[in-house]
Amino acid sequence: MHYLVTGGAGYVGSHTVRALLQHGHTATILDNFSTGHRWATQGQVVLDVDLRNPSALRDALRGLEIDGIFHFAAKSLVGESAKTPVTYYQNNVTGTANLLEVALENGWHRVVFSSTAAIYGNPLTDRITENHPKVPINVYGQTKLTVENMLKATCEASPMAAVSLRYFNAAGAAEDASLGEVHDPETHLIPTALKAASGAGQPLTIFGDDYPTPDGTCVRDYIHVQDLADAHLRAMNALEQQRLEGPQFDAFNLGNGVGFSVKEVFAACEDIVGQSIPYRLGQRREGDPARLVADASRAREELGWQPRHSEIEMIVATAWAWEQKHRSA
Ligand SMILES: NC(=O)c1ccc[n+]([C@@H]2O[C@H](COP(=O)([O-])OP(=O)(O)OC[C@H]3O[C@@H](n4cnc5c(N)ncnc54)[C@H](O)[C@@H]3O)[C@@H](O)[C@H]2O)c1
C-alpha cells in the first residue's frame, strides 16, 4: 500500500512511517517542516507543502495514487495555542478542511487522524472512556475536537471513512535509537528531564505541586511511540477491512491505562540515567488538568491493539538511548 502521511517528518508521524516501511508499505510525506525534520523522512518522497495553502496542496497531490491518509500534521502546544488561537484554528482546522477537500476530489476515502486526550477537558472519572464528555479547556483541544466533528460530518455526507486516535502522552523513541523526539521548544516531560540530565538543557521545571493528586503533581498516562505507530496501522487496516462497527467514523483512546505523576516519571528518569537531575518548582500551567488516564479497552478489543512498552522505565530507557545518540551525532 502507498499512504499519504501529513506531518510524517514529526515525532509520531516519523515512527509511523518507520512502521509502515517495516510492514512493506511506502509513504509520501507531506510536511511544512515547522516542527518536523528532514532527517526523519527515511528516504520517502517528501512534499514540502503547508496544509493552509489549498492551491499548493492540490498541485502537489495531483496524480498521486494513495490508499489512505495518516493525518498527523498539527500545531500542538497548549500554551502557544492560548496565545495564538487564530493560528491554531487556521493550522489545525482550516488545514484539515483543505486536506479533506482534496482527498474527496481525488477519491481518497480513508483517514486516520491524530486526536488527543485534550478534547476531554477536566476528567469526571478516574479513567476516561471514549464517551466521556468533551469539554476541552484549552484552544489546542478545541481545534482537535472541531476536526473530529468535521471528520464525522464528512463521513456521514460522503464515502469517507475515518478513525480518530486520541493519544494520551506520547513518549519514548525507536528501540534501536534511530528515531526519537526532537522539539524546539521541548515541552514534554521525559525529553526535557533527559536533556537536563545530559547537560544540554535548562533544569526541568515541575509545573505545580499543589494538584489534588497523591504527591501534588499532575498525573498522566504515557504511551510508547512505537505502540502508537502500531495502533495507526491497525486503525488503517480496520478501515480497509471495513470492520468498524456503526457509521464510518470511530474514535479510540490510546493509552496504557496507568497514571504516573510528574514526580514518579522524574524519579524513573533519575534511575535510568543513574544520577540526580536538576529541577525547579514552577507555577501551575494554564489548561493542565490534574489527572488524565485512558481507558483504552476499546482499542484493545476492536483493533486487537496491545501496547508492548507499558513500563515507564522501559519508555524512559528508549528515550535516554535516543537522547545520548542524538546529542553525540
Ligand atoms: N506528542 C504527543 O504527546 C501527542 C499527544 C496527543 C496528540 N498528538 C498529536 O499527534 C500529532 C503528532 O504529534 P507530534 O508530537 O509528532 O508533533 P510534531 O510537531 O513532532 O509533528 C507535527 C508535524 O506536522 C507538521 N506540520 C504542522 N503544521 C503543518 C502544516 N500546516 N502543513 C504541513 N505540515 C505541518 C510539522 O512540521 C511536524 O513535522 C499532532 O497532531 C498532535 O497534535 C501528539
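Analysis parameters
- Residues numbered from 1 in each chain as written.
- Predicted model: local features only at pLDDT ≥ 70, side-chain atom pairs only at ≥ 80, totals over all residues.
- Heavy atoms only, no water.
- Near = heavy atom within 4 Å.
- Polar contact = N/O pair within 3.5 Å; in protein donor to acceptor, adjacent residues only side chain to side chain.
- Areas by Shrake-Rupley, 256 points an atom, 1.4 Å probe, with all protein chains shown as cover.
- Helix = DSSP H or I, 4+ residues; strand = E, 2+ residues; numbered from the N terminus.
- Nonpolar A, V, L, I, M, F, W, Y, C, P; charged D, E, K, R; others polar.
- Pairing = 2+ DSSP bridges.
- Axes fitted to C-alpha atoms, helices over the stretch in contact; angles between N-to-C directions.
- Contact = heavy atoms within 4.5 Å.
- Domains from an automatic or database assignment.
- Buried area = accessible area lost by both parts, 1.4 Å probe.
- Salt bridge = Lys/Arg side-chain N within 4 Å of Asp/Glu carboxyl O.
- Parallel < 35°, antiparallel > 145°, perpendicular 65-115°, else oblique.
- Left-handed = near helix turned anticlockwise from the far one by under 90°.
- Buried < 20%, exposed > 50% of the residue type's maximum accessible area, 1.4 Å probe, protein only.
- Right-handed = clockwise from strand over helix to strand, strands pointing away.

(A) Quick peek at the site of the ligand. Taken together, 29 residues surround the ligand, and among them Asp31, Thr35, Phe72, Tyr140 and Lys144 come closest. Asp50 places a side-chain nitrogen or oxygen 3.0 Å from a nitrogen atom of the ligand. For the ligand, whose free accessible area comes to 820 Å², the fraction covered by protein is 96%. Of all the secondary-structure elements, those providing two or more residues to the shell around the ligand are helix 1 (11-22), strand 5 (110-116) and helix 5 (139-157). Take the shell around the ligand: its biggest share by element is three residues, from strand 5. For the shell around the ligand, the residue count by class is 13 nonpolar, 13 polar and three charged.

(B) Examining the sheet that holds strand 6 (residues 161-167) more closely. Strand order in the open sheet formed by seven strands is 3-2-1-4-5-6-11, with parallel pairing between adjacent strands. The sheet is open, and its two borders are formed by strand 3 (45-48) and strand 11 (249-254), each paired with just one other strand. Taken pair by pair, the neighbouring strands of this sheet meet at an average axis angle of 20°, ignoring direction. Pairing analysis gives four bridges linking strand 2 (residues 26-31) to strand 3, with the strands arranged parallel. If you follow Leu30 over to strand 3, its bridge partner there is Leu47. Sheet strands touched by helix 5: strand 5, strand 6 and strand 11. Its angle to strand 5, the strand with the most contacts, is close to 155°.

(C) Focus on the domain arrangement of the protein chain. In terms of domain boundaries, the protein chain breaks down into domain 1 (2-170 + 223-254) and domain 2 (189-220 + 257-328). For domain 1 and domain 2, the distance between their C-alpha centres works out to 24 Å. Taken together, the 31 residues of domain 1 in the interface contact 25 residues of domain 2. Together, the buried faces of domain 1 and domain 2 total about 2500 Å²; carbon and sulfur atoms form 57% of this surface. Together, Arg127, His224 and Asp227 form the three largest contributors to the area buried by domain 1 at its contact with domain 2, with a combined 22%. Put simply, domain 1 and domain 2 have two salt bridges between them.

(D) Spatial organisation of the packing of helix 6 (residues 189-197) against helix 8 (residues 262-273). Contact geometry of helix 6 with helix 8 gives a least axis separation of 10 Å together with a crossing angle of 40°. As judged from the angle between their axes, helix 6 and helix 8 are oblique. For the crossing formed where helix 6 meets helix 8, the hand is right-handed. Across the interface between the two elements, Leu189, Ile190, Ala193, Leu194 and Ala197 of helix 6 pack against Val262, Val265, Phe266, Cys269 and Val273 of helix 8. Counted by class, the contact of helix 6 with helix 8 contains 10 nonpolar, no polar and no charged residues.

(E) Summary view of the sheet that holds strand 12 (residues 260-261). The strand order across the open sheet built from three strands is 12-9-14, with neighbouring strands paired in mixed fashion. Each having just a single partner strand, strand 12 and strand 14 (291-292) make up the two edges of the open sheet. Two elements, strand 9 (residues 219-220) and strand 14, share two bridges in a ladder whose sense is parallel. By the bridge assignment, Val219 is partnered in strand 14 with Arg291.

(F) Inspection of the pairing of strand 4 (residues 68-71) at higher detail. Both faces of strand 4 are covered, namely the face carrying Gly68 and Phe70 and the face carrying Ile69 and His71. Judged from the three bridges that link them, strand 4 and strand 5 form a sheet pairing that is parallel. Bridge pairing in strand 5 links His71 to Phe113.

(G) Inspection of the pairing of strand 6 at higher detail. Counting buried positions along strand 6 gives seven out of seven residues, so the element sits mostly inside the fold. Because side chains alternate across strand 6, one face comprises the buried residues Ala161, Val163, Leu165 and Tyr167, and the other comprises Ala162, Ser164 and Arg166, equally buried. Examined bridge by bridge, strand 5 and strand 6 share seven bridges and lie parallel to one another. Bridge pairing in strand 6 links Ser114 to Leu165. Taken together, strand 5, helix 5 and strand 6 form a β-α-β motif whose crossover is right-handed.

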